[in-house]
Amino acid sequence: MQAFIDRSGLQFLVAQAARLAAEHLPLVTGPTYAKIQDPDSGAEWIEITARVRDTGPAIREAHRRFTRAWLSAAPPERSLDVRLAISFV
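Residues numbered from 1 in each chain as written. Predicted model: local features only at pLDDT ≥ 70, side-chain atom pairs only at ≥ 80, totals over all residues. Heavy atoms only, no water.

Participant: Looking at this structure, I do not really get the overall build of the chain. What am I missing?
Facilitator: Looking only at helices and strands, the chain has three helices and three strands in total. Overall, the chain shows an N-to-C arrangement of helices and strands of α-α-β-β-α-β. Here the chain has a C-alpha radius of gyration of 13 Å; the compact-globule value for 89 residues is 12 Å, and the two agree. The principal-axis extent of the C-alpha atoms belonging to the chain is close to 35 × 25 × 25 Å. For the chain, the proportion of its 89 residues judged to be buried stands at 31%. Across the chain, the fraction of contacts at a sequence separation of at least 24, relative to all contacts at a separation of at least 6, is 68%. Of the roughly 5200 Å² that the chain leaves accessible, carbon and sulfur atoms contribute 55%. Across the chain, the mean location of the 11 positive side-chain charges is 7 Å away from that of the 10 negative side-chain charges. (Helix = DSSP H or I, 4+ residues; strand = E, 2+ residues; numbered from the N terminus. Rg over C-alpha atoms; globule rule 2.2 N^0.38 Å. Buried < 20%, exposed > 50% of the residue type's maximum accessible area, 1.4 Å probe, protein only. Contact = heavy atoms within 4.5 Å. Areas by Shrake-Rupley, 256 points an atom, 1.4 Å probe, with all protein chains shown as cover. Lys, Arg positive; Asp, Glu negative; His and termini not counted. Charge placed at Lys NZ, Arg CZ, Asp CG, Glu CD.)

Here is the structure:
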């Protein structure tokens, strides 16, 4: 995974997405990271999994805040290179 991040120049974007997740979501633990590859298209990206407390409607608003911040921060052509998954605990 780290080789893919380095080769793709995603270090800053991964760190930025993790920072925004910590800022906007009620994280239970630090996020985990995985390199994902679409079996059909071959597209690859880094998936950040945020383990969060299920706070009902508030989590939807927190996710919207994260999404707005991420789309404002990431260059449009790179915004899908790092994606967020939410795991509820």
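Participant: Mind showing me how you'd approach the packing of aromatic side chains here?
Facilitator: Working definition: an aromatic ring pair is given by the centre-to-centre distance plus the angle between the planes. According to the stated counting rule, one finds zero aromatic pairs in the structure shown. Note that Lys 35 overlies the ring of Phe 4, its terminal NZ or CZ placed 5.7 Å from the centroid. Between the NZ or CZ atom of Arg 83 and the centre of the ring of Trp 45, over which it lies, the distance is 3.7 Å. (Phe/Tyr/Trp six-rings, centres within 6.5 Å; stacked < 30°, edge-to-face > 60°. Lys NZ or Arg CZ within 6 Å of the ring centre and 35° of its normal.)

Participant: Explain helix α2 (residues 11-24) to me, please; I cannot follow it from the model alone.
Facilitator: Note on helix geometry: an α-helix contains 3.6 residues per turn, so any two residues three or four positions apart are oriented the same way. Between its terminal C-alpha atoms α2 stretches 20 Å, which fits the 20 Å expected from 14 residues at 1.5 Å a residue. What α2 keeps buried is the set Leu 13, Val 14, Gln 16, Ala 17, Ala 18, Leu 20, Ala 21 and His 24. Structurally, α2 contributes buried residues whose contacts are with α1 (2-8), β1 (32-37), β2 (44-52), α3 (57-73) and β3 (82-88). (Expected span 1.5 Å × (residues − 1).)

Participant: So what exactly am I meant to see when it comes to the sheet that holds β2 here?
Facilitator: Sheets are built from strands paired through backbone hydrogen bonds, the pairs being either parallel or antiparallel. With mixed pairing, the three strands of this open sheet are ordered in space as β1-β2-β3. Edge positions in the sheet fall to β1 and β3, since each of these pairs with one other strand and no more. Here the average twist between neighbouring strands, direction ignored, is 30°. Where β2 meets β3, seven bridges bridge the pair, whose relative direction is parallel. By the bridge assignment, Arg 51 is partnered in β3 with Ser 87. Its contacts with the sheet place α3 against β2 and β3, and it is angled at close to 170° to β3. (Pairing = 2+ DSSP bridges. Axes fitted to C-alpha atoms, helices over the stretch in contact; angles between N-to-C directions.)

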